[in-house]
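Okay, here's what each chain looks like letter by letter:
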Amino acid sequence: PVAPRNLFSKDGKPIVIGKQTVYVRGQAYKLGPANGRFAAATEVALGVPQVADFMWNFPVMVWRKDFAKIREHIAAQANGTFNAAFQRFAGNANDYSQVNILLNWCWHHNRDEYDWHLQSILQSSQDMRNGQYNTPLPRIATHARGMDQDEIYKAFRQGYCHACIHVDTCLNTTAGKEQKKFMFSWIFALMFTWEGQGMPWEEPSLKVEGQPYYMQERFFVAL
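Because the structure is predicted, anything quoted here is derived from the model rather than measured. (Residues numbered from 1 in each chain as written. Predicted model: local features only at pLDDT ≥ 70, side-chain atom pairs only at ≥ 80, totals over all residues. Heavy atoms only, no water.)

Asker: Outline helix α4 (residues 64-77), supporting the account with residue identities and numerical values.
Answerer: Listed as buried for α4 are Asp66, Ile70, His73, Ile74 and Ala75. The inward-facing, buried residues of α4 abut α3 (39-46), α5 (82-89) and α6 (98-109). Just beyond α4, the residue with positive phi is asparagine 79, at close to 55°. (Buried < 20%, exposed > 50% of the residue type's maximum accessible area, 1.4 Å probe, protein only. Helix = DSSP H or I, 4+ residues; strand = E, 2+ residues; numbered from the N terminus. Contact = heavy atoms within 4.5 Å.)

Written out as C-alpha cells, the structure is:
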C-alpha cells in the first residue's frame, strides 16, 4: 500500500526520486536516450542544464504554488507568452517531458522545499554522491511501457504474494513462514523484477547504506 510516508518526508517535504544526468550543452554525455533523452528540451525550457531524469518514479509530487512560477519562468526564457515558449521545445512530443521540466525547475529554484533522492551515475560529481541527495528509496510506481506482459504479471504476482507473507495473511502458512527466513533474498529478487531494467538501485559510495538489500529491508520492516 502507498502511505503518506511514501510520499512525504518526516518534515513534510514531497519526496522526489530521479536519476542523475551529466549533461553538456547540446548532448547527453555518453548516456544515450535512456537517461539523456529529455535533457535538450529541458534546457531550452528552463535555460539551465537538466540535473536529473525524473521519469523513473510516480506519483510526481509538486507544490501547487510552484506551477505558476514555473510557467512564468518558461515564458521569460522565450521573452514572450507561455504558449509561445512551449512551442519552442514541444515540437516533438517524444523529445520533452513535463515531469522533467517541472522537477528540474524545482531543483534549481526551490530545492530546500523538496526531499531529493537522485540515483548517481558513473559520471556524477562527488557532491552528488555523498549521501545528501542520493540516498536510495523504493520507487512507488514505474512505467509498464518497457516491460512485456509476462514481466508485468510477474511483478504483480510477486508483490501480492510477498505482501501477504509479510502481513501474515498468506493462505499457505507453511510457505509464508519459510519465506520469512529469507527476507533479504526475496526482497532483492522482488526489486529485480520491479526495477524492470535488471538492476536495483545501488549507491556504492554510501557503502552498506547504499546497498539494495539495506534499503529494502528498512522499507519492508517499517510497513
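Following the structure, the description resumes.
Asker: So, the side chain of histidine 117: which residues are in play, and what are the values?
Answerer: Residue placement: histidine 117 occurs in strand β5 (residues 115-119). Histidine 117 gets classed as buried once you look at its relative accessible area, which sits at 7%. If sequence neighbours within four positions are ignored, histidine 117 has contacts with Ile15, Val16, Ile17, Gly18, Tyr133, Thr135, Leu137 and Trp201.

Asker: Please provide a residue-by-residue account of the pattern of salt bridges, values included.
Answerer: For the structure on display, the rule yields three salt bridges. The shortest N-O distance in the salt bridge between lysine 13 and aspartate 11 comes to 3.9 Å. For the salt bridge of lysine 65 with aspartate 66, the shortest nitrogen-to-oxygen distance reads 3.7 Å. Through salt bridges that share partners, Lys65, Asp66 and Glu113 make up one connected network. (Salt bridge = Lys/Arg side-chain N within 4 Å of Asp/Glu carboxyl O.)

Asker: Give me the lowdown on unusual backbone geometry, citing residues and values where you can.
Answerer: A cis amide bond, omega 0°, links phenylalanine 58 with the succeeding residue proline 59. Positionally, proline 59 belongs in the loop between β4 (52-53) and α4. At asparagine 79, a position not held by glycine, the phi torsion is positive, near 55°. Here asparagine 79 shows up in the loop between α4 and α5. In this structure, lysine 207 takes a positive phi of about 55° despite not being glycine. Tracing the sequence through the fold places lysine 207 in the loop between α9 (183-195) and α10 (212-221). Note on lysine 207: relative accessible area 66%, which makes it exposed.

Asker: Describe the packing of aromatic side chains, and please don't skip the residues or the numbers.
Answerer: Tallying each qualifying case throughout the model produces eight aromatic pairs. Seen from their ring centres, phenylalanine 86 and tyrosine 96 are 5.6 Å apart, and the 85° between their planes marks the pair as edge-to-face. Here phenylalanine 86, found in helix α5, pairs with tyrosine 96, found in the loop between α5 and α6; they are 10 residues apart in sequence, far enough to count as distant. Take phenylalanine 86: its relative accessible area is 31%, and that puts it in the partly exposed class. Judged by its relative accessible area of 17%, tyrosine 96 is buried. Pairing tryptophan 107 with tyrosine 133 gives two aromatic rings, centres 4.8 Å apart and planes at 75°, and the pair type is edge-to-face. Here the residue tryptophan 107 occupies a position in helix α6, and tyrosine 133 occupies one in the loop between β5 and α7 (149-166), the gap between them amounting to 26 residues. The same class applies to tryptophan 107 as to tyrosine 133, namely buried. A network of ring pairs unites the aromatic residues Phe54, Trp107, Tyr114, Trp116 and Tyr133 as a single cluster. (Phe/Tyr/Trp six-rings, centres within 6.5 Å; stacked < 30°, edge-to-face > 60°.)

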